[in-house]
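# An overview of the molecular structure
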Amino acid sequence: MTPMDLRGLSPAPVTAFTRDGEVDHPANARLAKWLVSIEGVKSLVILGHAGEGTFLTEKERLDLIRTYVEAVNGAVPIIAGITGEGTKVAAEEARKCRAAGATGALVYPNHGWLRFGYQKGAPQSRYKAIWEESGLQCILFQYPDATKASYDLDTQLEIAVQEGVVATKNGVRNMKRWYVEIPQIKQANPKLQVLSCHDEWLLPTMFDVDGLLVGYGNIAPELLVQLIEAGKAQNYPAARKIFEQLLPVTRAVYHRGSHMEGTVALKLGLVHRGLLDHATIREPLKNLGEKAEKEIFAAFDAAGIGAVAPELLAAE
């Protein structure tokens, strides 16, 4: 196995729908082609939270993988969110995603664990089964500390050295844990790629990571690539400047009442940039309303993030 190179930006694209709520494959292909045209984008991670992946039927999910694989034409790997509840179900889901053309798996925890917690050894078995059934390269997904599906350090260390695990997407949102656990994970597996998914807290994590795996990558990939470069160079003034430029957008998209609202806000941002014609979503997501839409558009203007040049889209 040649591990995926994720040392850069891995956007987690939204799923574009038609106005009547069906998956819009031409619009999704257009978004994919634009994202991979940006130097520094290393993969596209679909079917996750930002992509409303659990709101799609199995056929829709597999068809969307095929659309992305065709659109990027080998430029970057396509990574699928694996969300099935049971271990056997998740492994079968991964096998089908591999057959549709995915290279990697962002492995979500069993969502029953969010409420009830997990038994020791169960997460390790989940990753092992997905790898053995599908051959998809796995990303260890660390949920926020506030949930019961946030893995303790021993669990993370054991998953980090399992065959087929090539990266960790860490969203622990507890800097006490981050500063203690990330060095130990790196020590356990120096080849493991560490990716931050702290969309709303980008700056504090930028100096310890190989890259970002974020929904934010939909709307400002150009600036996020620069932020990653500044972080790797340990150039705090440059990183701080980019962070401050992005802050109006960060606040408008991610500092909202619910993180789920961020998905809706991402689509509005893509409308403002000319990449989507409308921000159609699926239930249980709800529209944010005209006031929020104006706030989001104004935030992009304040950050100097404008529409993508028509000739760039035309060239895709």
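Refer to the structure presented above.
This write-up is about the structure you can find in this document. None of the values given here were measured: they were computed from a predicted structure.

Scanning the model with the defined rule gives one cavity of 30 Å³ or more in all. Glu58, Arg61, Leu62, Glu93, Lys96 and Cys97 together form the lining of the largest cavity. Looking at the lining of the largest cavity, the elements that each hand over two or more residues are α2 (58-72) and α3 (87-100). Classifying every residue of the lining of the largest cavity gives two nonpolar, no polar and four charged.

Moving on, we come to the layout of surface pockets. Once rolled over the atoms, a probe with the size of a water molecule shows which space is left empty. Approximately 520 Å³ is the volume found for the largest pocket. Lining the largest pocket we find 29 residues, and of these His49, Phe141, Lys169, Arg173 and His259 sit closest to its centre. Among the secondary structure elements, those contributing two or more residues to the lining of the largest pocket are β5 (137-142), β8 (211-214) and α11 (261-272). A total of three residues in the lining of the largest pocket trace back to one element, the largest contributor, which is α11. Looking at the lining of the largest pocket residue by residue, the class counts come to 15 nonpolar, 10 polar and four charged. Approximately 170 Å³ is the volume found for the second largest pocket.

Summarising the element assignment, Lys33 is placed in helix α1 (residues 25-36). Here Lys33 falls in the partly exposed class, since its relative accessible area comes to 31%. When the C-alpha positions of Lys33 and Asn73 are compared, they lie 9.1 Å apart, and in sequence the two are 40 residues distant.

Moving on: helix α6 (residues 153-160). Judged by how many residues are buried, α6 sits mostly within the fold: six of eight residues are covered. In this structure, the buried side of α6 is in contact with α5 (122-134), β5, β6 (165-170) and α7 (175-188).

What follows is about the environment of Thr18. Its location among the elements puts Thr18 in the loop between β1 (9-11) and α1. On the basis of relative accessible area, Thr18 is assigned to the partly exposed category, the value being 23%. Not counting the four nearest positions on each side in its chain, Thr18 is found in contact with Val23, Asp24, His278 and Thr280. Within the structure, Thr18 has its side chain in polar contact with the side chain of Asp20 (distance 2.3 Å).

What follows covers unusual backbone geometry. A cis geometry characterises the amide bond from Glu283 onward to Pro284, with omega recorded as 15°. As for its placement among the helices and strands, Pro284 is situated in the loop between α11 and α12 (290-303). One non-glycine residue, Gln234, lies in positive phi territory at about 55°. Relative to the assigned elements, Gln234 resides in the loop between α9 (221-232) and α10 (236-254).

Before going further, it helps to examine the packing of α10 against α11. Contact pair α10 / α11: the axes reach a minimum separation of 8 Å and the direction vectors enclose 125°. Considered as vectors, α10 and α11 are oriented oblique to each other. Across the interface between the two elements, Ala252, Val253 and Tyr254 of α10 pack against Gly262, Ala265 and Leu266 of α11. Grouping the constituent residues of the contact of α10 with α11 by class yields five nonpolar, one polar and no charged.

What counts and what doesn't
- Residues numbered from 1 in each chain as written.
- Predicted model: local features only at pLDDT ≥ 70, side-chain atom pairs only at ≥ 80, totals over all residues.
- Heavy atoms only, no water.
- 1 Å grid on protein atoms, 1.4 Å probe; cavity = no way out; pocket = protein on both sides within 12 Å on 5 of 7 lines; lining within 4 Å.
- Points joined across faces, edges and corners; volume = space filled by probe spheres on them.
- Helix = DSSP H or I, 4+ residues; strand = E, 2+ residues; numbered from the N terminus.
- Nonpolar A, V, L, I, M, F, W, Y, C, P; charged D, E, K, R; others polar.
- Buried < 20%, exposed > 50% of the residue type's maximum accessible area, 1.4 Å probe, protein only.
- Contact = heavy atoms within 4.5 Å.
- Polar contact = N/O pair within 3.5 Å; in protein donor to acceptor, adjacent residues only side chain to side chain.
- Axes fitted to C-alpha atoms, helices over the stretch in contact; angles between N-to-C directions.
- Parallel < 35°, antiparallel > 145°, perpendicular 65-115°, else oblique.

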